[in-house]
Amino acid sequence: MRAVIWVSDLRGFTDLNERLSGVDMIALLNAYFEEMAGAILAQGGQVLKFMGDGLLAAFPIEGDGRAAAAAAVAAARDALRRFERLNDAPPATIAAIAGWRPLRSGIALHAGEVFFGNIGAPERLDFTVIGPAVNQASRVEAMQKQFGRPVLLTEAVARLLDGGLEPLGEHSLRGVPGPVAIYGLAEP
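Computed from a prediction, not measured in an experiment: that's the story for all the values here.

Calculation criteria
Every residue gets a number counted from 1 within its own chain, in the order that chain's sequence is written. Under the rules for a predicted model, residues below a pLDDT of 70 receive no local features and side-chain atom pairs below 80 are neither given nor counted, while totals for whole chains, interfaces and linings still include all residues. Side-chain metrics in this entry use all non-hydrogen atoms of the structure; hydrogen atoms and water are not considered. Two distance rules govern patches: like charges are joined within 9 Å, and nonpolar side chains (Val, Leu, Ile, Met, Phe, Trp, Tyr) within 5 Å, applied only to residues with over 30% relative accessible area and no salt bridge. Surface accessibility follows the Shrake-Rupley procedure with a 1.4 Å probe radius. Residue values consider only the protein chains on display as shielding. Between Lys or Arg on one side and Asp or Glu on the other, a salt bridge is scored when a side-chain nitrogen of the former is within 4 Å of a carboxyl oxygen of the latter. Numbering of helices and strands runs from the N terminus; a helix is a DSSP stretch of H or I covering at least four residues, while a strand is a stretch of E covering at least two. Summary of the burial criterion: residues with accessible area below 20% of their type's maximum are buried, those above 50% are exposed, and those between are partly exposed, where the area comes from a 1.4 Å probe applied to protein chains only. Pairing between strands is defined by DSSP: at least two bridges between them are needed. Lines fitted to C-alpha atoms define the axes here, with helix axes fitted over just the stretch in contact, and angles between the N-to-C directions of these axes take values from 0 to 180 degrees. For Phe, Tyr and Trp, rings pair up if their centres lie within 6.5 Å, where Trp contributes its six-membered ring, and each pair is then called stacked (planes under 30 degrees apart), edge-to-face (over 60) or tilted (otherwise). Polar contacts here mean pairs of N or O atoms no more than 3.5 Å apart (in protein, one a potential hydrogen donor and the other a potential acceptor; neighbouring residues in sequence count only if both atoms are side-chain atoms). Only heavy atoms enter the contact rule, under which two residues are in contact if any of them lie within 4.5 Å. Take the residue count of a helix, subtract one, and multiply by 1.5 Å to get its expected span. Here roughly perpendicular refers to angles of 65 to 115 degrees, roughly parallel to angles under 35, roughly antiparallel to angles over 145, and oblique to all remaining angles. Left-handed describes a crossing in which the near helix is turned anticlockwise from the far one by less than a right angle; the clockwise case is right-handed. In this classification, Asp, Glu, Lys and Arg are treated as charged, Ala, Val, Leu, Ile, Met, Phe, Trp, Tyr, Cys and Pro as nonpolar, and every other residue, Gly included, as polar.

### Remarks on a nonpolar patch on the surface
Phase 1: Together, Phe115, Ile119 and Ile130 give the surface a local cluster of nonpolar side chains, amounting to about 290 Å² of exposed area.
Phase 2: The topology assignment puts isoleucine 130 in strand β6 (residues 124-130).
Phase 3: With relative accessibility at 40%, the residue isoleucine 130 sits in the partly exposed group.

Put into structure tokens, the structure is as follows:
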């Protein structure tokens, strides 16, 4: 099926993990994922996997894909607003933890063909999504540091949207043939 793939990652996780206790890190990750997943689910996305400090989600495409792309971008904008609120007024579960602010995330969106299914061993199956589109979204997410932008999108998503984007040029992605046009969200 076709979907807009969301891959995100907590910025500064390695440093936080070195400085915070395991109990504090888990509390922080839970607060982070609660906001991230809440933004995705509120827009009809499917949270598929939590991977350390990363998250994989999908917005299945029906019809021309415009609704899925718009929902993914709306979820990304909502997630950024939620992180601002979390940084300004943290819940009691993390308010007393020193040195974690500000929480920031990198979000990448890419659209393409994917395969949904159970993968693993008979004793431990994991429902997930695989395919080149997932790999490309992951490669774009890794470019966050290069651009310093909280949300990056590929041309495959950009062409499903009605503006609100800034072109960031064409870039090579490891394992992807040919350059890929990358976009950032325009400031509101």
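### A word on the sheet that holds strand β9 (residues 180-185)
Phase 1: Strand order in this open sheet of seven strands is β2-β3-β1-β4-β7-β9-β8, and the pairing throughout is mixed. Each edge of the open sheet carries a strand with a single partner, namely β2 (46-51) and β8 (165-171). Along the sheet, successive strands turn relative to each other by an average axial angle of 20 degrees, direction set aside.
Phase 2: As judged from the five bridges shared by β2 and strand β3 (residues 54-60), these two strands associate in the antiparallel manner. Within the sheet, the bridge partner assigned to lysine 49 lies in β3 and is leucine 56.

### Some thoughts on the packing of aromatic side chains
In this description, an aromatic ring pair is defined by two values, namely the gap between the centres and the angle between the planes.
Phase 1: Evaluation of the coordinates by the stated rule reveals five aromatic pairs.
Phase 2: Between tryptophan 6 and phenylalanine 59, the ring centres sit 6.3 Å apart and the planes meet at 40 degrees, which makes this aromatic pair tilted. Here phenylalanine 59 lies in strand β3 and tryptophan 6 lies in strand β1 (residues 2-10), a separation of 53 residues in the sequence.
Phase 3: Overall, the relative accessible area of 0% leaves tryptophan 6 in the buried class.
Phase 4: Feature note: the residues Tyr32, Phe33, Phe50 and Phe83 constitute an aromatic cluster, connected by ring pairs.

### Examining the side chain of arginine 11
Phase 1: As for its placement among the helices and strands, arginine 11 is situated in the loop between β1 and α1 (13-19).
Phase 2: Among the polar contacts listed, one links the side chain of arginine 11 to the side chain of aspartate 9, at a separation of 3.0 Å.
Phase 3: Sequence-distant contacts of arginine 11, defined by excluding residues within four places in its chain, comprise Arg104, Ser105, Gly106, Glu141 and Gln144.

### Considering helix α2 (residues 22-42)
Phase 1: Over its 21 residues, α2 runs 30 Å from end to end, which matches the ideal 30 Å to within 8%, given 1.5 Å per residue.
Phase 2: Every buried residue of α2 is listed here: Met25, Leu28, Leu29, Ala31, Tyr32, Phe33, Glu35, Met36, Ala37, Gly38, Ala39 and Ile40.
Phase 3: Just downstream of α2, glycine 44 is the residue with a positive phi angle, here 85 degrees.

### Some words on the packing of α2 against helix α3 (residues 66-88)
Phase 1: Axis separation between α2 and α3 bottoms out at 8 Å; the angle between their running directions is 150 degrees. On the basis of the axis angle, α2 is roughly antiparallel to α3. By crossing handedness, the relation of α2 to α3 is classed as right-handed. Here Ala31, Tyr32, Glu34, Glu35, Met36, Gly38, Ala39, Ile40 and Ala42 of α2 lie close against α3, whose contacting residues are Ala75, Asp78, Ala79, Arg82, Phe83 and Leu86.
Phase 2: Taken together, the residues that form the contact of α2 with α3 break down as 10 nonpolar, one polar and four charged.

### Section: the side chain of glutamate 35
Phase 1: As for its position among the elements, glutamate 35 is in helix α2.
Phase 2: Separated by 3.5 Å, the side chains of glutamate 35 and arginine 82 make a polar contact.
Phase 3: Each residue touching glutamate 35, except ones within four places of it in the same chain, is listed here: Arg82, Phe83 and Leu86.

### A few points about unusual backbone geometry
Phase 1: Here the amide bond leading from arginine 101 into proline 102 is cis, since omega sits at -5 degrees, within 30 degrees of zero.
Phase 2: Position of proline 102 among the secondary structure elements: in the loop between α4 (92-95) and β4 (105-113).

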